[in-house]
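Chains, contacts and geometry: an overview
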Amino acid sequence: MKKLEGKIAVVTGASKGIGASIAKHLAAEGAAVVVNYSSSKEGADRVVAEILSEGGKAITVQANVAKKAEIEHLFAETQQVFGKLDILVNNAGIYEFSPIEDITEEHFHKQFDLNVLGLILTSQQGVKHFGSAGGSIINISSIVSTLAPANSSVYSATKAAVDAVTKSLAKELGSRNIRVNSINPGMVETEGTHTAGITVAKSEGRQQTEAQTPLGRIGQPQDIAPAVVFLASSDSAWITGETLYISGGLR
Ligand code: NAP
């Protein structure tokens, strides 16, 4: 029997990168997956096609999860197609780097609106759809919540906020058997980090990170996704409020 047979999962920002890998891993363990995206319909369609070709169940739902009305639409669609919700993975997030001199209100609000407010509003809607058996919320935070590298004060602050939200909601929702945990990845090679120039081979940032990482390399999306399956499944039934670092040993 697969670990997540009969479960329904929503993964935000699953058209590419870490989210796409999470969606595929959850589906491989039997969950029916809602692959959310904001603008990359093609990417989301590709993830769903891959899941279906492996015999899994998945649909795409477009929604900007920084916006309450669109978040409501995401869960209304989920409810209509699958009838319930068991697992919510708050993965959608953006990262921008800036020295203090260049920080603008826009830089701040763009990241906080999605990474923090969006995650809170998505959790607020998600818990309404969990049944009496409860559910599992997994927040994709980051190593930067505590490592806090230079030029990342705003992004690092969003992820420190995610860790605090995780701990607070775990206490608030435990009596309803809703577990809330974070996964805090180190540098992972994705479409997003490539576009930002962070993980491009031989870039200074990548080489520095690799040199400081006990396991000597940056991560791949498939280094993260199996831990999401674990936190979504009953294997982690007595784990809540935790932050799990997956970073090759870097702190
Ligand atoms: P990515 O490759 O840039 O992919 C981002 C995903 O989020 C895409 O599917 C994108 O969809 C979606 N998205 C962006 N804005 C959205 C919005 N407003 N509403 C809904 N979906 C939205 O990112 P990634 O590197 O995989 O990162 C994923 C998460 O992991 C983020 O929370 C990030 O902070 C965290 N993280 C990443 C790393 C890393 O090194 N990669 C390390 C630690 C933590 P569209 O393309 O449709 O816009």
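These numbers were taken from a predicted model, which means no experiment stands behind them.

We now examine the overall build of the protein chain. Looking only at helices and strands, the protein chain has nine helices and seven strands in total. Its C-alpha atoms give the protein chain a radius of gyration of 17 Å, near enough to 18 Å, the size a compact globule of 251 residues would have. Within the protein chain, the proportion of its 251 residues that are buried is 49%. Long-range pairs, those at least 24 residues apart, make up 71% of the contacts in the protein chain with a sequence separation of at least 6. Of the roughly 11,800 Å² of accessible surface on the protein chain, a fraction of 54% belongs to carbon and sulfur atoms. Looking at the protein chain, you have 22 positive and 25 negative side-chain charges, and the mean spots of the two groups are 6 Å apart.

Counting along an α-helix, one turn takes 3.6 residues, and residues three or four places apart therefore face a common direction. Taking 1.5 Å per residue as the helical rise, helix α9 (residues 221–232) with its 12 residues ought to reach 16 Å, and the 17 Å between its terminal C-alpha atoms agrees with that figure. If you check which residues of α9 are buried, you get Pro221, Ile224, Ala225, Ala227, Val228, Val229, Leu231 and Ala232.

Here we come to the site of the ligand. Surrounding the ligand, one finds 32 residues, the nearest of these being Lys16, Ser39, Ser40, Tyr95 and Tyr155. Between the ligand and Ser38 there is a distance of 2.9 Å, counted from an oxygen atom to a backbone nitrogen or oxygen. Here an oxygen atom of the ligand sits 2.5 Å away from a polar atom, N or O, in the side chain of Ser40. Bound to the protein, the ligand loses 92% of the 900 Å² it would expose on its own. Taken together, the elements giving at least two residues each to the shell around the ligand come down to α1 (17–28), β2 (32–37), α6 (153–173) and α7 (191–195). Top contributing element to the shell around the ligand by residue count: α7, with three residues. Looking at the shell around the ligand residue by residue, the classes come out as 13 nonpolar, 16 polar and three charged.

On to the packing of helix α3 (residues 68–82) against helix α4 (residues 105–129), then. Between α3 and α4, the least distance of the axes is 10 Å, while the angle of their chain directions is 30°. As judged from the angle between their axes, α3 and α4 are roughly parallel. Taken as a pair, α3 and α4 cross one another with a handedness that is right-handed. Taking contact as the criterion, the partners of Lys68, Ile71, Glu72, Phe75 and Gln79 in α3 are, on α4, Gly118, Leu121, Thr122, Gln124, Gln125, Gly126 and His129. Broken down by class, the residue content of the contact of α3 with α4 amounts to three nonpolar, seven polar and two charged.

Taking 1.5 Å as the rise per residue, helix α2 (residues 41–53) with 13 residues should run 18 Å; its terminal C-alpha atoms sit 18 Å apart, in good agreement. Those residues of α2 that fall on the buried side of the exposure criterion are Gly43, Ala44, Val47, Val48 and Ile51. Mapping the buried residues of α2 onto a view down its axis gives an arc of 135°, with all of them on the same face. Of the exposed residues in α2, those oriented more than 90 degrees away from the buried face are Glu42, Arg46 and Ser53.

A few words on the packing of aromatic side chains. Within this structure, the stated rule accounts for four aromatic pairs. With a centroid separation of 5.9 Å and an interplanar angle of 75°, the aromatic rings of Phe97 and Tyr155 are classed as edge-to-face. In this pair, Phe97 is assigned in the loop between β4 (87–90) and α4 and Tyr155 in helix α6, connecting sequence segments 58 residues apart. For Phe97, a relative accessible area of 40% gives the class partly exposed. Judged by relative accessible area, which is 8%, Tyr155 ranks as buried. Between Phe108 and Phe112, the aromatic rings sit 4.4 Å apart at their centres with planes inclined by 15°, giving stacked as the arrangement. Placement of both Phe108 and Phe112 in helix α4 is noted, with a separation of four residues, approximately one turn of the helix. Phe112 sits in the buried class, given a relative accessible area of 18%. Three or more aromatic residues link up through ring pairs in this structure, and these residues are Tyr95, Phe97 and Tyr155.

Reading the values: rules and limits
- Residues numbered from 1 in each chain as written.
- Predicted model: local features only at pLDDT ≥ 70, side-chain atom pairs only at ≥ 80, totals over all residues.
- Heavy atoms only, no water.
- Helix = DSSP H or I, 4+ residues; strand = E, 2+ residues; numbered from the N terminus.
- Rg over C-alpha atoms; globule rule 2.2 N^0.38 Å.
- Buried < 20%, exposed > 50% of the residue type's maximum accessible area, 1.4 Å probe, protein only.
- Contact = heavy atoms within 4.5 Å.
- Areas by Shrake-Rupley, 256 points an atom, 1.4 Å probe, with all protein chains shown as cover.
- Lys, Arg positive; Asp, Glu negative; His and termini not counted.
- Charge placed at Lys NZ, Arg CZ, Asp CG, Glu CD.
- Expected span 1.5 Å × (residues − 1).
- Near = heavy atom within 4 Å.
- Polar contact = N/O pair within 3.5 Å; in protein donor to acceptor, adjacent residues only side chain to side chain.
- Nonpolar A, V, L, I, M, F, W, Y, C, P; charged D, E, K, R; others polar.
- Axes fitted to C-alpha atoms, helices over the stretch in contact; angles between N-to-C directions.
- Parallel < 35°, antiparallel > 145°, perpendicular 65-115°, else oblique.
- Left-handed = near helix turned anticlockwise from the far one by under 90°.
- Arc of directions from axis to C-beta.
- Phe/Tyr/Trp six-rings, centres within 6.5 Å; stacked < 30°, edge-to-face > 60°.

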